[in-house]
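Inside the fold
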Protein chains: 2
Amino acid sequence: MSETILNWGIAACGLISQDFCTALRATKMPNHALKACAARSLERAEKFAQKFEIPSFYGSYDELFADKNVNIVYIGTTNNTHKEVCLKAINAGKHVLCEKPMSLNKQDQEEVFKAAKEKGIFFMEALWTRFFSIVKKFKEQITNGSIGDIRFIISNFMVPIKSVERLNMRELGGGGLLDIGIYPIQMICYLMDHEKPLKISCSGHLMPSGCDESASITLLYKNNRMAVINMSTTCVQNARTSVMGDKGMIEIPDFSWCPVEFIKADRTTHKEPLPGCPPTNFTNSVGLSYEAEACREAISQGWKEHPVVAHDNSRLVNEIILESMKQLGCSF
Amino acid sequence: MSETILNWGIAACGLISQDFCTALRATKMPNHALKACAARSLERAEKFAQKFEIPSFYGSYDELFADKNVNIVYIGTTNNTHKEVCLKAINAGKHVLCEKPMSLNKQDQEEVFKAAKEKGIFFMEALWTRFFSIVKKFKEQITNGSIGDIRFIISNFMVPIKSVERLNMRELGGGGLLDIGIYPIQMICYLMDHEKPLKISCSGHLMPSGCDESASITLLYKNNRMAVINMSTTCVQNARTSVMGDKGMIEIPDFSWCPVEFIKADRTTHKEPLPGCPPTNFTNSVGLSYEAEACREAISQGWKEHPVVAHDNSRLVNEIILESMKQLGCSF
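Residues numbered from 1 in each chain as written. Chains lettered and ligands numbered in written order. Predicted model: local features only at pLDDT ≥ 70, side-chain atom pairs only at ≥ 80, totals over all residues. Heavy atoms only, no water.

Section: the interface of chain B and chain A
Contacts between the two partners involve 39 residues from chain B, matched on the other side by 39 residues from chain A. The junction of chain B with chain A conceals about 2800 Å² of combined surface from both sides, 56% of it contributed by carbon and sulfur atoms. Looking only at chain B, the three residues that lose the most surface to chain A are B:His205, B:Asn224 and B:Val236, adding up to 21% of its buried area. Joining chain B to chain A, the criterion identifies four salt bridges. In this assembly, chain B and chain A are joined by 15 residue pairs in polar contact (both at pLDDT 80 or more). Those elements giving two or more residues to the side of chain B that touches chain A turn out to be strand E7 (150-158), strand E8 (199-206), strand E9 (212-221), strand E10 (225-232), strand E11 (241-245) and strand E12 (249-252) of chain B. For the side of chain B that touches chain A, the element with the most residues is E9(B), which contributes seven residues. (Contact = heavy atoms within 4.5 Å. Buried area = accessible area lost by both parts, 1.4 Å probe. Salt bridge = Lys/Arg side-chain N within 4 Å of Asp/Glu carboxyl O. Polar contact = N/O pair within 3.5 Å; in protein donor to acceptor, adjacent residues only side chain to side chain. Helix = DSSP H or I, 4+ residues; strand = E, 2+ residues; numbered from the N terminus.)

Following this line, the structure appears as C-alpha cells:
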C-alpha cells in the first residue's frame, strides 16, 4: 500500500475514543498519527491528549475540524449527535470514520451520504468487526462450500448492560439494537452478501424509558433461507453466530462482534489471537486498528467508500434496525 | 411403586411404534407387557408381532381396542388420524399414550380430553423428552438459581428431513412444526413452568405443498422475559437449547429432544448416557421407555393425567403451534 498518512482527529473523548487511540498506539502503525482531539469540555480534551500524547486539543468540534493537520476524523460522540458532527466534519473536508450507528433514521443517513459524496471525501460507518481477518475467513468457510448452501443463520448479542445510563436514554439514541443488536444484524448482512430480506419481523421488550431492552428479529430471504438475530441487554453474555447449511454448520462460539476463534464444519477450531494491547474499556478493542487501516487502504486508493462497509451496506443494516424498532414501538 | 401391570396394545406398526417396542423390550421392565398390535394391514401387524414377540395381532384398530388383554394403547398412527384413533381407544376404555402432536386443531384436542375425562381413563400426549431424568436435572439448574433469573431461552430443532414424504403432505398433518418444532416449543413451555406467553410471533418459509419448512417463533413473557424457537427441515442438525439468566447460561448442546448431556453454568458437563439398546429408527429411542414407565406411575396412582405432561400442558404447546402455523399461513 502507498505511503498515504492518516492524521487523525478524535471527536469526543469518551470510552470508545479512548479505545480507538489505545488500539492505534498499541499496533504502532507508522502511517497513522494522532494529531488532535476535541471534547465539549476543554479540560477533558486536554486530559485525553496528555494520555494519548496527542499534540493538539480543543473544547469544540468546530476547532478540531478547522485543524489543518487533521485529514480524517474519528467520531465517537453519542448516537444522537452523529449526523450533526458528521456533517460538520464533512463540510470541513475531512474524511470520516463514524461510530455505529451512524444515524437514528433514514433521512439523517442519506443527508450524511449526500454531503460526503458532494464533498468528495471518504466516509465509513465503523462496523469494525468486518475488518477482522478471522471474520473474512469465517465467511470463506461458507463460500468454499464446507457447509453446503446457507439455510439458517442465528446470531446473538446478549450482554448485561441494561444499567448503562446512556442505553436507557431515548434522547441520546439509547436502546439495545443500536448499541449491540447492530452487530449480529451487520454480521448476517455480511454473510448474506447484503441481499435484501423479503421480510423483517421483530418482537421484544422495552425498558421503562421506551428504549428497546431485548429483541428477536427474523429475516426471510429468497430460496427459503432465513436468519434470526437475538439481542438482550439483561442476560449474561452470549454472542454466538451459528451458520447452518444443508451439509454442515460453522460457528463463532462467542464474541461475534470481535472474534478470536471459530469452529469449522469439521468441528476443529480456527484461532487468531489478537496482538497484545494495554487494557481497554471494551472487549478486544485492539481490533479497532483494523478499521483504521481499512480507512487508509480506501483513501490511498482514492475510494470514497470501502467495499467492505459500503454506503449501501450501512443503508441495509440501518433499514433492518429501523424496521425492527418500528415494530417494537420505539422508533425515533 | 405398586405392582400395576401395563399391558400394551400398539396402534400402528410404523417406525415410531417399532422404536417404542424396541425400547420396552431393551429396558426389560417387568411390569410392562406387549400384548397386541394392529395395523391397517394384517400382514404388517403379523410381521411386527413376530419381530417383537407380541402374542396378538390385528388388521384393524377396532379389534385391538376390543382385546381384553390390553389395558393401555400406544398410538403411533399418522398425525391426521390421532383424534379418531384416540377416541376409539378411549371409548373402548383403554388408557392412552398418543404420539405428538395429539391433534391438528383445538377442537379435536378438547374432544379427546373430554372423552378421556368422561370415560375416567388416563390420557397423555407422548412428550417423551420430559421424562428423561437429565431433562429434570437441567430444569433444576434453573430453579436452584445457578443462572439467576431466566431472561432469554433459545431452543432449536433443525434437521435435514424435508425429503420425508409424510412431512410434505398436508393431508397427513405434515410440516416441520408438528414433527420437530413441537420439541423446542414443549421444552420452553416446560422450562417456563407452562406460563402463558403474552405474545406469540412467528415467521418462516413454506414447502411447495403448503406445509411449514422452517420457522422462528418468538414468545414474550411477563417481566420482560422471552424465548425463541428455531425450526428447520433443511439444515444439518442443530438441536441446542440455551437458557440465559442474569447470572449465567446453561445449555443442552444438541439432541435437546432426547439429551444425554448438558453444560452447567460453571461450564462443566453433566452426562447421563442412555442404556444400551438394539438399533432404533430414531435417535435415542430407548428413552421412550421413560414415558411408558411414567404412564405406569400415573395409572398406579389413579391419576388421569401425568403432572409432567398434564392436559393443560398439551393445550399450551398446541396453542403455540397452532398460532404459529396460522401466522405462517399453513393452519389446518
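Focus on empty space enclosed by the protein
Summed over the entire model, instances satisfying the criterion amount to four cavities of 30 Å³ or more. Together, A:Ile154, A:Asn156, A:Asn238, A:Arg240, A:Ser242, B:Ile154, B:Asn156, B:Arg240 and B:Ser242 line the largest cavity. Of the residues contributing to the lining of the largest cavity, the split by class is two nonpolar, five polar and two charged. Residue lining of the second largest cavity: B:Thr129, B:Ser155, B:Asn156, B:Phe157, B:Tyr183, B:Pro184, B:Gln186, B:Met187, B:Ala239, B:Thr241, B:Ser256 and B:Trp257, and that is the complete set. When residues of the lining of the second largest cavity are traced back to their parent elements, those giving at least two are E7 and helix H7 (176-191) of chain B. Examining the composition of the lining of the second largest cavity, we find that four residues originate from one element, H7(B), more than from any other. Within the lining of the second largest cavity, the residues separate by chemical class into six nonpolar, six polar and no charged. (1 Å grid on protein atoms, 1.4 Å probe; cavity = no way out; pocket = protein on both sides within 12 Å on 5 of 7 lines; lining within 4 Å. Points joined across faces, edges and corners; volume = space filled by probe spheres on them. Nonpolar A, V, L, I, M, F, W, Y, C, P; charged D, E, K, R; others polar.)

Quick look at the sheet that holds strand E2 (residues 32-38) of chain A
All names here are of chain A. Read from one edge to the other, the open sheet built from six strands follows the order E3-E2-E1-E4-E5-E6, with strand pairing classed as parallel. Lying at the two open borders of the sheet, with one neighbouring strand each, are strand E3 (56-58) and strand E6 (123-125). The sheet shows a mean angle of 20° between the axes of neighbouring strands, direction not considered. In this structure, strand E1 (residues 6-11) lies alongside E2, joined through six bridges in parallel fashion. Note that in E2 the partner of Ile10 across the bridge is Cys37. (Pairing = 2+ DSSP bridges. Axes fitted to C-alpha atoms, helices over the stretch in contact; angles between N-to-C directions.)

Some words on the domain arrangement of chain A
Residue and element names in this part refer to chain A. The assigned domain composition of chain A is domain 1 (6-127) and domain 2 (133-271 + 306-328). Taking the mean C-alpha position of each, domain 1 and domain 2 sit 26 Å from one another. With 18 residues of domain 1 in contact, the opposing surface of domain 2 contributes 17 residues. The largest contributions to the domain 1 side of the interface with domain 2 come from Lys100, Phe113 and Leu127, which together make up 33% of the buried area. Joining domain 1 to domain 2, the criterion identifies one salt bridge. Where domain 1 touches domain 2, the interface holds nine residue pairs in polar contact (both at pLDDT 80 or more). Those elements that provide at least two residues to the side of domain 1 that touches domain 2 are helix H5 (106-119) and E6. Top element by residues in the side of domain 1 that touches domain 2 is H5. It accounts for four residues. Class assignment of the residues belonging to the side of domain 1 that touches domain 2 gives a composition of eight nonpolar, six polar and four charged. (Domains from an automatic or database assignment.)

Some points on the pairing of strand E5 (residues 95-98) of chain A
Residue and element names in this part refer to chain A. Alternating positions in E5 separate into two faces, His95 and Leu97 on one and Val96 and Cys98 on the other, with burial throughout. Pairing geometry for strand E4 (residues 72-75) and E5, over four bridges, is parallel. Pairing of Ile72 across the sheet is with His95, part of E5. Note that E5 and E6 share three bridges and pair parallel. Note that in E6 the partner of Leu97 across the bridge is Met124. Handedness of the crossover joining E5 and E6 through H5 is recorded here as right-handed. (Buried < 20%, exposed > 50% of the residue type's maximum accessible area, 1.4 Å probe, protein only. Right-handed = clockwise from strand over helix to strand, strands pointing away.)

What to know about the pairing of E4(A)
Residues and elements named next belong to chain A. Here E4 shows no split at all, with Ile72 and Tyr74 on one side and Val73 and Ile75 on the other all buried. Pairing of E1 with E4, which is carried by four bridges, proceeds in the parallel orientation. Along E4, the bridge assignment pairs Ala11 with Ile75. With helix H4 (residues 82-91) bridging E4 and the parallel E5, this β-α-β connection has right-handed handedness.

Considerations on the sheet that holds strand E4 (residues 72-75) of chain B
Residues and elements named next belong to chain B. Pairing in this open sheet of six strands is parallel, and the strands run E3-E2-E1-E4-E5-E6 from one edge to the other. Only two strands of the sheet have a single neighbouring strand rather than two, namely strand E3 (56-58) and strand E6 (123-125). Pairs of neighbouring strands in the sheet enclose a mean axial angle of 20°, with direction left out of account. On the sheet, helix H1 (residues 15-26) packs against strand E1 (6-11), strand E2 (32-38), E4 and strand E5 (95-98) and is oriented at approximately 160° with respect to E1.

A closer look at the pattern of salt bridges
Between side chains of opposite charge, a pair can form when the charged atoms approach closely. Summed over all chains, the structure comprises 40 salt bridges over all chains. Across the pair A:Glu111 and A:Lys83 runs a salt bridge, and its minimum N-O distance is 3.4 Å. In this pair, A:Glu111 is assigned in helix H5 and A:Lys83 in helix H4, connecting sequence segments 28 residues apart. Residue A:Glu251 pairs with B:Arg240 through a salt bridge whose shortest N-O separation is 2.8 Å. You can see A:Glu251 sitting in strand E12 (residues 249-252) and its partner B:Arg240 sitting in the loop between E10 and E11, one on each of two chains.

Some points on the relation of the copies chain B and chain A
Mapping chain B onto chain A calls for a rotation angle of 180° and an axial translation of 0.0 Å; the resulting RMSD is 0.0 Å. As the rotation angle and translation indicate, the two copies are arranged about a two-fold axis. Among all residues of chain B, the minimum C-alpha distance to the rotation axis is found for B:Ser201, at 4.2 Å. When the interface residues of chain B are mapped onto chain A, 100% of them again lie at the interface, so the same face is used by both copies. (Least-squares fit on C-alpha atoms with pLDDT ≥ 70 in both.)

Some remarks on the UniProt feature "domain: GFO/IDH/MocA-like oxidoreductase" (unreviewed entry) in chain A
The feature "domain: GFO/IDH/MocA-like oxidoreductase" (unreviewed entry), as annotated in UniProt, sits at residues 136-251 of chain A in this numbering. Annotated as 21% helix and 37% strand, the span residues 136-251 of chain A places its first and last C-alpha atoms 13 Å apart. (UniProt positions renumbered as here; feature names shortened; annotations may be inferred.)

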